[in-house]
Amino acid sequence: MKKIVLQAIAIVGTFFLIWFGFSQIDFMKLFKVKERTQNMEHKLGDMIWNQLEDTEDIVYNDTITKSLDKLLKPLCDANNIDQDSLKVHIIKKDEINAFALPNNHLVVYTGLIEDCKKQEALQGVLGHEIAHIERNHVMKKLSKEIGYSVLLTAAGGSKGGQMAREILKTLSSSAYDRSLEKEADITSVKYMMEADINPRPMADFMYQMAQDSQISKSMYWIADHPESEERAKYILEYIKGKDIKNKQTLSEKDWNNFKELVGKE
């Protein structure tokens, strides 16, 4: 009996020694998974952006880009987001759209800017896309819909251009999982409230677009995101009873001048 007890103690002791040994190993570091994923993300983001740069009409007007930077600044400052890490691009296109790419690229179409009646609505959309970046939703979506191994091949293979187009289509014209969309919506609302910006116009923007009987496929940011009216409702429910500030980033004159200038591009 004593021998059996000693054997049992030895087995248990060996198990815990092995468990402790494995717990001390940094497998992510050992296999360089994190480093490889980061390198892949950097290559994919830059590869897709290069594709866009070659095929789309990019807005380089300093006055326009600086105004957009001003709208982003309070969101970043109030939420400890490194604004310099964001690679923000404006593309001349009538589609009402904005989307995030790997490696912190954030693409905004002029159609979205023109369609936002209030600057807070645009800031809400920008905050939503920043949330996708900050919460690593971009790579989660791509890994699920395209596959990690395919992405890894695309980042280092000869068919990068072809894959770049497929990845771009996935990110620019299809929705994230509903749970990720809601997380990005609420995170954007939190960003805005931390910056003393009123998030109600973001909900109004979603609701008005969802109700538009003329809604078309060109309204990607709304039409291809799930249940826009429902999203507007849960945003309003989230801020219900909270102390909402109304700090505007741009003066009404500067906001209107910004939109007018964008429309002339």
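Rules and cut-offs
Residues numbered from 1 in each chain as written. Predicted model: local features only at pLDDT ≥ 70, side-chain atom pairs only at ≥ 80, totals over all residues. Heavy atoms only, no water. 1 Å grid on protein atoms, 1.4 Å probe; cavity = no way out; pocket = protein on both sides within 12 Å on 5 of 7 lines; lining within 4 Å. Points joined across faces, edges and corners; volume = space filled by probe spheres on them. Helix = DSSP H or I, 4+ residues; strand = E, 2+ residues; numbered from the N terminus. Nonpolar A, V, L, I, M, F, W, Y, C, P; charged D, E, K, R; others polar. Salt bridge = Lys/Arg side-chain N within 4 Å of Asp/Glu carboxyl O. Buried < 20%, exposed > 50% of the residue type's maximum accessible area, 1.4 Å probe, protein only. Expected span 1.5 Å × (residues − 1). Bend = angle between axes of the 7 residues up to and from the residue. Contact = heavy atoms within 4.5 Å. Polar contact = N/O pair within 3.5 Å; in protein donor to acceptor, adjacent residues only side chain to side chain.

## Things to note about the layout of surface pockets
Here is step 1 of the chain: In this structure, the largest pocket occupies an estimated 320 Å³ of space.
Here is step 2 of the chain: In terms of lining, the largest pocket is formed by 19 residues, of which the most central are T37, Q38, E41, N136 and M139.
Here is step 3 of the chain: Every element with two or more residues in the lining of the largest pocket is listed here: α3 (33–55), α6 (119–134) and α7 (137–145).
Here is step 4 of the chain: Here the residues of the lining of the largest pocket are counted per class, giving seven nonpolar, eight polar and four charged.

## A look at the pattern of salt bridges
Once their charged atoms are close, side chains differing in charge can pair, the charge on each being opposite to the other.
Here is step 1 of the chain: Applying the stated criterion to the full structure yields ten salt bridges.
Here is step 2 of the chain: One salt bridge in this structure joins K144 and D177, with 2.9 Å as the shortest N-O distance. One end of the pair, K144, is in helix α7; the other, D177, is in the loop between α9 (160–172) and α10 (178–194), with 33 residues separating them in the sequence.
Here is step 3 of the chain: By relative accessible area, K144 is classed as exposed at 59%.
Here is step 4 of the chain: When the shortest N-O distance is used, the salt bridge between R178 and E230 registers 4.0 Å. In this pair, R178 is assigned in helix α10 and E230 in helix α13 (residues 228–239), connecting sequence segments 52 residues apart.
Here is step 5 of the chain: With relative accessibility at 37%, the residue E230 sits in the partly exposed group.

## Here's the deal with helix α4 (residues 62–78)
Within an α-helix, residues lying three or four positions from one another point in the same direction, as the helix has 3.6 residues per turn.
Here is step 1 of the chain: Here α4 is 17 residues long and its end C-alpha atoms lie 24 Å apart, about the 24 Å a rise of 1.5 Å per residue gives.
Here is step 2 of the chain: The principal kink in α4, of about 35°, is found at L72, preceding the proline P74 by one to four residues.
Here is step 3 of the chain: Taken as a whole, α4 has its buried residues at I64, S67, L68, L71, L72, L75 and C76.
Here is step 4 of the chain: Check the buried side of α4 and you find it contacts β1 (87–91), β3 (105–109), α6, α10 and α14 (252–264).
Here is step 5 of the chain: The opening residue of α4 is N61, an N-cap whose side-chain oxygen sits 2.9 Å from the backbone nitrogen of T63.
Here is step 6 of the chain: With its phi angle positive at about 55°, N80 sits one or two positions after the end of α4.

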